[in-house]
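# Coordinates in review
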Amino acid sequence: MSWEIIKEVVDVTSKIATTGIAAFGAWLAWRTFVGDGVQSDADLNLPSPTPSDDQVSAAAGSIPLKLFETRKQTTWLKITGKGLECHLDERRPGKTGGHKWTVPKDEMRRVLSSSDYYVNPTLKINSGLVSIGTHRNWLYSKKLFPEPEQLHHEIARLLRTDAT
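In what follows, the accompanying structure is described. A quick note: this is a predicted structure, and the numbers were derived from the prediction, not measured.

Rules used in this analysis
Residues numbered from 1 in each chain as written. Predicted model: local features only at pLDDT ≥ 70, side-chain atom pairs only at ≥ 80, totals over all residues. Heavy atoms only, no water. Helix = DSSP H or I, 4+ residues; strand = E, 2+ residues; numbered from the N terminus. Buried < 20%, exposed > 50% of the residue type's maximum accessible area, 1.4 Å probe, protein only. Lys, Arg positive; Asp, Glu negative; His and termini not counted. Salt bridge = Lys/Arg side-chain N within 4 Å of Asp/Glu carboxyl O. Polar contact = N/O pair within 3.5 Å; in protein donor to acceptor, adjacent residues only side chain to side chain. Contact = heavy atoms within 4.5 Å. Pairing = 2+ DSSP bridges. Axes fitted to C-alpha atoms, helices over the stretch in contact; angles between N-to-C directions.

## Considerations on the side chain of Lys-142
- Considering the arrangement of structural elements, one finds Lys-142 in the loop between strand 7 (135-141) and helix 4 (148-163).
- As a buried residue without a salt bridge, Lys-142 has its nearest oppositely charged side chain in Glu-147, at a separation of 10 Å.
- Separated by 2.6 Å, the side chain of Lys-142 and the backbone oxygen of Pro-121 make a polar contact.
- Those residues in contact with Lys-142 that lie beyond four places of it in its chain are Pro-121, Thr-122, Leu-123, Lys-124, Ile-125, Asn-126, Ser-127 and Gly-128.

This is the structure we're talking about:
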């Protein structure tokens, strides 16, 4: 009789452990699939310079393109006197936003002519990735651009603004 009790205890413990491991695996897969929706300098190995607003002068007739938006961050692409710039509005405490990178005007021409800009919708629900020239894997919001072709077209429009 005592062997039957031990066998039942081992069986129940085994089922609990198996269920716990499966639940943890499912949670981990869900977090990977959904993502945390935050563009991180650490993930991209980029510095975080923060120039003043007067250093960012928008070119005439250029409308900034909102690329990514969450409660914590907004990423913009803008045409300035220097070229195509990426700016991050950061709302997380202790984190700095500001200017992240610039594609100079002559480089804009090369990127446009060689079609060196890509939109990857990925399998995540809320975000995909965009690459422009050497600036790879920046997040974009699928709620802003449900169709990747739409974002591809908008990036081409920005590149043509000063690249002609």
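## Some thoughts on the sheet that holds strand 2 (residues 73-80)
- What the four strands build is an open sheet, ordered 1-2-3-4; its pairing is antiparallel. Where the open sheet ends on each side, the last strands, each with one partner, are strand 1 (65-69) and strand 4 (98-104). Taken pair by pair, the neighbouring strands of this sheet meet at an average axis angle of 20°, ignoring direction.
- Two strands pair when backbone bridges link them, and strand 2 and strand 3 (residues 83-90) are joined in this way by eight bridges, in the antiparallel orientation. Each residue of the ladder has a partner; that of Thr-75, found in strand 3, is Leu-88.
- Contacting strand 2, strand 3 and strand 4, helix 3 (residues 105-113) crosses the sheet at an angle of about 70° to strand 4.

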